[in-house]
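This is what each chain is made of:
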Amino acid sequence: MPMSLLRILTLIRKELLVILKDPKSRASLFLPPILQCLIFGYAATYDLNSVPYVLVDQDRSAASVTLVAKLEGSGIFQRQGTFAQIDQAVPLLDARRALVVVVIGNGFERDLEAGAPAPVQVIADGRNSNTSGIAEGYANAIIGDFAAAWLSEKGIASAGVKVSTRAWFNPQLETRWSMIPSLIGTITMMMTMMLTAMSVAREREEGTFDQLLVAPFTPTEIMIGKAVPSMLVGITQASVILLVALFWFRIPFAGSFLTLYAGLALFLAAAIGFGLFLSSLAGNMQQAMILAFVFLMPFMLLSGLMSPTENMPAVLQYVTVINPLTYAIRITRAVYLEGGRFADLLPDMLALVAIAAVTMPIAAWMFRHRLN
């Protein structure tokens, strides 16, 4: 065991020297994550075509029923539940089963007919800030149109409907508050998978792979020696993005750093499993790079980074289950914005463990197969 550990540490040192001795590789550790973080933070936008919402109808009048019909008749708002009190609707918002909660206050129809501001409250999930802002805009427009049509039909002069909005976890609904924490996993996966996929391919291309074969390394030791440096690089890049979020964009960190890094470690283990699998398939660095891009683009599009996974077709939603980036984004957003605890994130953590438990043995088998 001591000799095996010494061989693994030697291989890890060799891999780190290969990365750190090259000026271009050193620059790629810090410059691309910072640039990508800044670009996404300032330029990224969302589209919205589906808004799951929860209804709290405290008035239960003809006016409230008509307003709800207007909301759902738009084709955008899909009701996830109906409750009598706001406290009953909060768990659906916390669990991301609803994006907004529409609260129609008691006396809504009476105030509307009396010409006074009628109470309607829209509570949005600020963890997905831009989407929530768009959803609030849609709701406000529909409520305003309803009030104008209702009062015109009744021939009543009124101050209209008074709508108050509130966003949880992101009070100002700033897009970068939800985007930047998601980039901690996204950019880290891009660089880690690329680096891991090219590690063995580089050995073949540079002619040093034969030296590994005649050296006293077992396939498992070689895999560990290739995986650990990539994980260290991934943790470093994630820390750089975290520092940009904290000190450049000044996004408040609500959770625990220990929980965040525990989730990132599990995520990187799953991502490196994919990278080693690709590395065992590729014959040279060009093939490894192409294979990495082939996997990375679907992973990013199906992760929930740019659009909610709930808006995707049902078939693609099943595919997101095996995407480690989906869980990484959930974990980073939950820890960063909500102050999520380890126990709350346990299902996502276990999913990453399961992905790593599948990808790592497959990569090891493929690696042994190529060695033989």
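This text follows the structure it describes.
Residues numbered from 1 in each chain as written. Predicted model: local features only at pLDDT ≥ 70, side-chain atom pairs only at ≥ 80, totals over all residues. Heavy atoms only, no water.

*Asks:* So what about the environment of L92? Which residues, and what values?
*Replies:* Structurally, the position occupied by L92 is in helix α4 (residues 86-94). Take L92: its relative accessible area is 10%, and that puts it in the buried class. Each C-alpha atom of the pair L92 and Q80 lies 8.3 Å from the other, and the pair is 12 residues apart in sequence. Once residues lying within four places of it in the same chain are set aside, the contact partners of L92 are V54, Q80, F83, R97 and A98. (Helix = DSSP H or I, 4+ residues; strand = E, 2+ residues; numbered from the N terminus. Buried < 20%, exposed > 50% of the residue type's maximum accessible area, 1.4 Å probe, protein only. Contact = heavy atoms within 4.5 Å.)

*Asks:* Give me the pattern of salt bridges: which residues, what numbers.
*Replies:* Side chains that differ in sign of charge can pair as their charged atoms come close. The tally for this structure, following the rule as stated, stands at 7 salt bridges. Here E338 makes a salt bridge to R96, at a shortest N to O gap of 2.8 Å. Of this pair, E338 sits in helix α13 (residues 324-338) while R96 is found in the loop between α4 and β3 (100-104), placing the two residues 242 residues apart along the sequence. Residue class for E338 comes out partly exposed when judged on its relative accessible area of 26%. According to the relative accessible area criterion, R96 is partly exposed, its value standing at 33%. In this structure, R127 and E338 form a salt bridge, with 2.7 Å as the shortest nitrogen-oxygen distance. Taken together, the residues R127 in the loop between β4 (118-125) and α6 (129-154) and E338 in helix α13 connect sequence positions 211 residues apart. Judged by its relative accessible area of 2%, R127 is buried. Salt bridges sharing common partners tie together R96, D125, R127 and E338. (Salt bridge = Lys/Arg side-chain N within 4 Å of Asp/Glu carboxyl O.)

*Asks:* Explain the pairing of β3 to me, and be specific about the residues and the numbers.
*Replies:* Among the 5 residues of β3, 5 are classified as buried, and the element is accordingly described as predominantly covered. Because side chains alternate across β3, one face comprises the buried residues V100, V102 and I104, and the other comprises V101 and V103, equally buried. Note that strand β1 (residues 51-57) and β3 share 5 bridges and pair parallel. Across the sheet, L55 pairs through a bridge with V102, a residue of β3. Looking at chain direction, β3 and β4 are connected through 5 bridges and run antiparallel. (Pairing = 2+ DSSP bridges.)

*Asks:* Would you mind going over the packing of helix α7 (residues 175-206) against helix α11 (residues 285-301) in detail, with residue names and values included?
*Replies:* Viewed as axis vectors pointing N to C, α7 and α11 meet at an angle of 160 degrees, and their least axial separation amounts to 8 Å. By the angle between their axes, α7 is roughly antiparallel relative to α11. As for the relative orientation of α7 and α11, their crossing is right-handed in sense. Contact residues: α7 offers T186, M189, M190, M193, M194, A197, M198, A201, R202 and E205, while α11 offers M285, Q286, A288, M289, A292, F293, F295, L296, F299 and M300. Tallied by class, residues from the contact of α7 with α11 come to 16 nonpolar, 2 polar and 2 charged. (Axes fitted to C-alpha atoms, helices over the stretch in contact; angles between N-to-C directions. Parallel < 35°, antiparallel > 145°, perpendicular 65-115°, else oblique. Left-handed = near helix turned anticlockwise from the far one by under 90°. Nonpolar A, V, L, I, M, F, W, Y, C, P; charged D, E, K, R; others polar.)

*Asks:* Help me get a handle on the packing of aromatic side chains, residues and values and all.
*Replies:* Applying the stated criterion across every chain, the model contains 7 aromatic pairs. Ring plane angle 20 degrees and centroid distance 6.1 Å describe the contact between F108 and F146, whose orientation is recorded as stacked. With F108 in helix α5 (residues 108-114) and F146 in helix α6, this residue pair connects regions lying 38 residues apart in the sequence. F108 gets classed as buried once you look at its relative accessible area, which sits at 0%. Look at F146 and you get buried, because its relative accessible area is 1%. Judged by centre distance (6.4 Å) and plane angle (50 degrees), the ring pair of F274 and F295 falls under tilted. Of the two residues, F274 is situated in helix α10 (residues 257-281) and F295 in helix α11; the sequence distance between them amounts to 21 residues. Assessed through its relative accessible area of 25%, F295 is described here as partly exposed. Following the ring pairs from residue to residue traces out a cluster consisting of F253, F257 and Y336. (Phe/Tyr/Trp six-rings, centres within 6.5 Å; stacked < 30°, edge-to-face > 60°.)

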